[in-house]
Amino acid sequence: YTSIDLSTLRDPNFKSSPSPKPSHRAEKSFIGRWEVCFAICYLAGAVFGAYLTRDLPAEFNDGLITIFSNFLQARADQSLRQTVVFSLGQVIFPLGFLFFLGFCAISLPFYPVTIFFMGLGYGVSLAAAVAEDAAGNLALWKALLIMAPFAIGCALVAIVAAGCSIRLSLQCIRQLQ
C-alpha cells in the first residue's frame, strides 16, 4: 500500500498550485474539416443519384416511380411514431457501419463511400419525386415535405457520426504507430 499525506487538507492556510492556463485553441465543435468533406460527399452522391436516373431505361424509371409512390402512400398513412421507428430502421445500418469503422485503423476510404451512397439514395428518391410530379400523380411539394425532414436529419446525423468515427479511427492509427 502507498501512503498519502492528507495533512494539507486540515491546514486552512494551504494554497493549491495555480491551475494551468487554458489553451488558446477554440472550443471543439461538431463542424470541422471532416464534416465539410463528408457534406460534400453527401451532396455529390445526391447530385449523382439524380443524374443517374435520367439515363435509365423507361421500364426502370416506371418501376422507380411505382416504388416511390407506394412509399409515399405508406408514409402518409403512418402515425408519427411509426414514421420515426421506420426511419430509424432505415438509417441504423449505415450509422452502425460508421460506428464500427471507427474501431478500424484502415477504414479511412470507407467513410466517404458510405456517405456518398447515403446521398445517392436521397438523390434517386429526389429524382423519383420529380418524375412523379412530371407524371401528374403527386405534387412535388408534398413529396419534398414528406422526404426532406428525414433526409436532412439523417444527413446531419450521418455526417457528424462519420466525423466522430473518423477521429476515433485516426486515434487508432496513432496508437499503432
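Provided above is the structure to which this section pertains.
All of these numbers come straight from a predicted model, not from anything done at the bench.

Asker: Before we go on, may I ask you to explain the layout of surface pockets in this structure?
Answerer: A probe as big as a water molecule, rolled over the atoms, marks out the empty space that is left. Reported here for the largest pocket is a volume of approximately 540 Å³. What lines the largest pocket is a set of 22 residues, and nearest its centre among them are Gln90, Gly121, Tyr122, Ser125 and Phe150. Contributing elements (two or more residues each) for the lining of the largest pocket: helix 2 (58–77), helix 3 (80–101), helix 4 (110–134) and helix 5 (140–176). Tallied by class, residues from the lining of the largest pocket come to 18 nonpolar, three polar and one charged. Its volume calculated, the second largest pocket comes out at about 190 Å³. Taken together, Arg75, Ala76, Leu80, Thr83, Val84, Ser87, Leu88, Leu145, Ile146, Pro149 and Phe150 make up the full set of residues lining the second largest pocket. Looking at the lining of the second largest pocket, the elements with two or more residues in it are helix 2, helix 3 and helix 5. Of all the elements, helix 3 adds the most residues to the lining of the second largest pocket, at five residues. When its residues are assigned to classes, the lining of the second largest pocket shows eight nonpolar, two polar and one charged.

Asker: Explanation requested: the pattern of salt bridges in the structure shown.
Answerer: Side chains that carry opposite charge are capable of pairing whenever their charged atoms lie near each other. Inspection of every chain in the model, using the stated rule, returns one salt bridge. Across the pair Arg167 and Glu35 runs a salt bridge whose closest N-O atoms are separated by 3.0 Å. With Arg167 in helix 5 and Glu35 in helix 1 (residues 33–52), this residue pair connects regions lying 132 residues apart in the sequence. According to the relative accessible area criterion, Arg167 is partly exposed, its value standing at 30%. By relative accessible area, which is 3% here, Glu35 ends up buried.

Asker: How should I be thinking about the side chain of Ser107 in this particular structure?
Answerer: Assignment of secondary structure puts Ser107 in the loop between helix 3 and helix 4. Here the side chain of Ser107 touches Ser169 through a polar contact of 3.3 Å, side chain to side chain. Filtering out sequence-adjacent residues up to four positions away, Ser107 remains in contact with Leu101 and Ser169.

Asker: How should the packing of aromatic side chains be read in this particular structure?
Answerer: Aromatic ring pairs are reported here in terms of the distance separating the ring centres and the angle at which the planes meet. Summed over the entire model, instances satisfying the criterion amount to six aromatic pairs. Where Phe38 meets Tyr111, the ring centres are 6.3 Å apart and the plane angle is 40°; that geometry is what we call tilted. Pair noted here: Phe38 is in helix 1 and Tyr111 is in helix 4, with a separation of 73 residues, a long-range link. Here Phe38 matches Tyr111 in class, with each residue buried. Pairing Phe99 with Phe103 gives two aromatic rings, centres 5.1 Å apart and planes at 85°, and the pair type is edge-to-face. Looking at Phe99, the relative accessible area reads 48%, which means it is partly exposed. Residue class for Phe103 comes out partly exposed when judged on its relative accessible area of 49%. Among the aromatic residues, those joined into a ring-pair cluster are Trp34, Phe38 and Tyr111.

Asker: Just checking my understanding: could you explain helix 1 for this structure?
Answerer: It helps to recall that an α-helix has 3.6 residues per turn; residues three or four apart then point in one direction. The end-to-end C-alpha distance of helix 1, which contains 20 residues, comes to 28 Å, matching closely the 28 Å that a straight helix rising 1.5 Å per residue would cover. Taken together, the buried positions of helix 1 are occupied by Glu35, Phe38, Cys41, Tyr42, Gly45, Ala46 and Gly49. For helix 1, the angular spread of the buried residues around the axis is 135°, confining them to a single face. Away from the buried face of helix 1 by more than 90 degrees, exposed residues Arg33, Ile40 and Leu43 are located.

Asker: Hey, could you run me through the environment of Pro112 in this one?
Answerer: Residue placement: Pro112 occurs in helix 4. Given the relative accessible area of 26%, Pro112 is considered partly exposed. Distance from Pro112 to Cys37, taken between C-alpha atoms, is 8.0 Å for residues 75 residues apart in sequence. Excluding anything up to four places from it in sequence, Pro112 contacts Phe38 and Cys41.

Cut-offs applied
Residues numbered from 1 in each chain as written. Predicted model: local features only at pLDDT ≥ 70, side-chain atom pairs only at ≥ 80, totals over all residues. Heavy atoms only, no water. 1 Å grid on protein atoms, 1.4 Å probe; cavity = no way out; pocket = protein on both sides within 12 Å on 5 of 7 lines; lining within 4 Å. Points joined across faces, edges and corners; volume = space filled by probe spheres on them. Helix = DSSP H or I, 4+ residues; strand = E, 2+ residues; numbered from the N terminus. Nonpolar A, V, L, I, M, F, W, Y, C, P; charged D, E, K, R; others polar. Salt bridge = Lys/Arg side-chain N within 4 Å of Asp/Glu carboxyl O. Buried < 20%, exposed > 50% of the residue type's maximum accessible area, 1.4 Å probe, protein only. Polar contact = N/O pair within 3.5 Å; in protein donor to acceptor, adjacent residues only side chain to side chain. Contact = heavy atoms within 4.5 Å. Phe/Tyr/Trp six-rings, centres within 6.5 Å; stacked < 30°, edge-to-face > 60°. Expected span 1.5 Å × (residues − 1). Arc of directions from axis to C-beta.

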